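# An overview of the molecular structure
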Protein chains: 2
Amino acid sequence: MKADYISVIENSLYDFLPDTDCREKALIESMKYSLKAGGKRVRPSLVIEFAKLCGADAQKALPFACAVEMIHTYSLIHDDLPCMDDDDLRRGKPSNHKVFGEDIALLAGDALLTLAFEVMSSDKTAALIGDKACRKGVNTLAKYAGAVGMVGGQVIDLISENKSAPIEVLREMDYKKTACLIKAACELGCICANADDSYISAASKYGECIGIAFQIVDDILDVTSTDEELGKPVGSDEQNSKSTYVSLLGVEKCRELANELTEQAVKALDVFGGGTSELEQFAAKLACRTK
Amino acid sequence: MKADYISVIENSLYDFLPDTDCREKALIESMKYSLKAGGKRVRPSLVIEFAKLCGADAQKALPFACAVEMIHTYSLIHDDLPCMDDDDLRRGKPSNHKVFGEDIALLAGDALLTLAFEVMSSDKTAALIGDKACRKGVNTLAKYAGAVGMVGGQVIDLISENKSAPIEVLREMDYKKTACLIKAACELGCICANADDSYISAASKYGECIGIAFQIVDDILDVTSTDEELGKPVGSDEQNSKSTYVSLLGVEKCRELANELTEQAVKALDVFGGGTSELEQFAAKLACRTK
């Protein structure tokens, strides 16, 4: 996706944060710390790309784009907490609770989750895209991020830890944990442009396919990447009996599956009748990535 | 508030939960456990009462009423976690994480927070009250529950722990931590009835006044209640230097303040021109309560 989206998204993300000139300064700084430590901004870029495809400009897409990134960021903060994955590092930097303490990190996650919905439903957003689009956007994001979406996926991950899970459990876990938020991003792009349901469905299909492909490629990279320092496959010393796509299907079958999903994603874009080259390339890159 | 609201609210709360016939069953049960362990359902009852005052029936008010209770419930689950207040009991029952584990409790809180916004923005809710009311409701609740509302108040509480705080810090903390969500409930009642701004402002004022009065009375009860088993004032063995309204102003001045706030709350209802006796009695009861 276009690199120039990233700076627009990041500036907008910080603009949506409350001012730090308040007693709860530590909270706002903690929220900002994790928002700043973002990666490739895949989800908000997808919102903007689908909005443009449906005829809306980036400005109209920014509230929804930032909201998805806030949800993604809160989930990482909570995921890193000692009672969850207990990770000290996130993208090479100390995780939120290592810097701000567990209590502030927990609350920063809660505040980011809440802010996502505040931003989507503000008077300013309504003036840009209308009340109905705001309402539908909130509902879509909440559905995919909640108990039977992303959070549900995290629970399935927790309860299948250190256990061998059959492929259907793995599929549901990856769908919910990873694909749901990507799917939400694609749908939100169409919703903020007040696009027809046929476009929303197509975006949804695209998001679901690239989301699952993303996770499968992740599993492949876990066994095929080489840890340059140690000269051995990454993850080889943390083998446990937990299932992955690769442990259940083997690398070759997984590559096939990722390619099939990528083709399905691209096929879903047909309904737009052109202008989809960025999204096609993005799906292809995701499937062929090496890190 | 009318006792018959409680069963309507509770049935509706459980109806909004996802089905437990899924892999993430433990999550849904954890959400239900804390929703069930509710108290007097003050916040949702206020939503219904204000909705009725503005001409909407209880059915129209239920999505917003339940959403506020979900937010309140999530905040209690997260508050009880070991990295926060580390409370093993909540209303005499084991707290959520003692029953379901810290990881599930954390995620149940996240899922309830998310569900609140899903319920407020659903197609069903929009069919009852319209897109604009849904959108305004989400925005109002998010604003009062977020970084410069309830969550902000929790942060101010954390950073002033074991420290003597001046009255203005205490006032801001109590306003944000306790009054904001009560204020939100009162405003939401008017919003779901598509009431005029003058009614929303009046409800907001009422909510703010009873919210702060509630906290002041809490502080009074902390020093005047008798622990029946031990025959000594509750809290007397956990004295620290933390400020309360009572430690800063004394019991008499606090009672005066609570009465003044109650009068202001009742006065704010004038704009409705009658039909406010339930709300008047509720404010008075809150100020005179003994537990």
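Scope of this entry: the structure provided in the associated data block.

Here is what the cut-offs are and how they apply
Residues numbered from 1 in each chain as written. Chains lettered and ligands numbered in written order. Predicted model: local features only at pLDDT ≥ 70, side-chain atom pairs only at ≥ 80, totals over all residues. Helix = DSSP H or I, 4+ residues; strand = E, 2+ residues; numbered from the N terminus. Axes fitted to C-alpha atoms, helices over the stretch in contact; angles between N-to-C directions. Parallel < 35°, antiparallel > 145°, perpendicular 65-115°, else oblique. Contact = placed C-beta atoms within 7 Å. Least-squares fit on C-alpha atoms with pLDDT ≥ 70 in both. Left-handed = near helix turned anticlockwise from the far one by under 90°. Nonpolar A, V, L, I, M, F, W, Y, C, P; charged D, E, K, R; others polar. Core = buried A, V, L, I, M, F, W, Y, C linked by C-beta atoms within 7 Å. Buried ≥ 20, exposed ≤ 12 C-beta atoms within 10 Å, placed from the backbone. Expected span 1.5 Å × (residues − 1).

Moving on to unusual backbone geometry. Here Arg 91 of chain A, not a glycine, exhibits a phi torsion of approximately 50 degrees, which is positive. Positionally, Arg 91 of chain A belongs in the loop between β1 (89-90) and β2 (93-94). A positive phi angle, near 50 degrees, is found at Asp 86 of chain B, a position not held by glycine. One can find Asp 86 of chain B in the loop between α4 (58-80) and β1 (89-90).

The subject of this paragraph is the packing of helix α8 (residues 131-145) of chain A against helix α10 (residues 167-192) of chain A. Residues and elements named next belong to chain A. The interhelical angle for the contact between α8 and α10, taken along N-to-C directions, is 175 degrees, at an axis separation of 9 Å. Regarding the angle of α8 to α10, the classification is roughly antiparallel. Residues Ala 133, Lys 136, Gly 137, Thr 140, Leu 141, Tyr 144 and Ala 145 of α8 pack against Cys 180, Leu 181, Lys 183, Ala 184, Glu 187, Leu 188, Ile 191 and Cys 192 of α10.

In the superposition of chain B on chain A (RMSD 0.0 Å, axial shift 0.0 Å), the rotation amounts to 180 degrees. The superposition of one copy onto the other is thereby described by a two-fold rotation axis.

All names here are of chain A. At a minimum axis separation of 7 Å, helix α9 (residues 150-159) and α10 run at an interaxial angle of 145 degrees. The interaxial crossing formed by α9 with α10 has left-handed handedness. Within the contact between the two elements, α9 uses Met 150, Gly 152, Gly 153, Gln 154, Ile 156 and Asp 157 and α10 uses Val 169, Glu 172, Met 173, Lys 176, Lys 177, Cys 180 and Leu 181. A breakdown of the residues in the contact of α9 with α10 according to their chemical character gives six nonpolar, three polar and four charged.

Quick look at the nonpolar core now. Grouped together as the largest cluster of nonpolar side chains are 199 residues, with contacts concentrated most on Leu 141 of chain A together with Leu 141 of chain B. Residues within four places of Leu 141 of chain A in sequence aside, it is in contact with Ala 67, Val 68, Ile 71, Ala 116, Met 120, Ala 184 and Leu 188 of chain A.

For α8 of chain A, which comprises 15 residues, the first-to-last C-alpha distance of 21 Å matches the rise-based estimate of 21 Å (1.5 Å per residue) to within 8%. The buried fraction of α8 of chain A amounts to 13 of the 15 residues, a majority that puts the element mostly inside the structure.

Right, let's get into the interface of chain B and chain A. Listed as interface residues are 48 residues of chain B and, on the opposing side, 48 residues of chain A. Listed by contribution, the elements that provide at least two residues to the side of chain B that touches chain A are α2 (25-36), α6 (102-120), α8 (131-145), α9 (150-159) and α10 (167-192) of chain B. For the side of chain B that touches chain A, the leading source of residues is α6 of chain B, giving twelve residues. Of the residues contributing to the side of chain B that touches chain A, the split by class is 29 nonpolar, eight polar and eleven charged.

Turning our eyes to something else, we now look at the environment of Leu 62 of chain B. By the secondary structure assignment, Leu 62 of chain B is in helix α4. Along the sequence, Leu 62 of chain B and Val 47 of chain B sit 15 residues apart, while their C-alpha atoms lie 8.1 Å from each other.

Bringing the environment of Val 148 of chain A into the picture now. Tracing the backbone shows Val 148 of chain A in the loop between α8 and α9. Measuring from C-alpha to C-alpha, the distance between Val 148 of chain A and Asp 57 of chain A comes to 31 Å, with 91 residues separating the pair along the chain.

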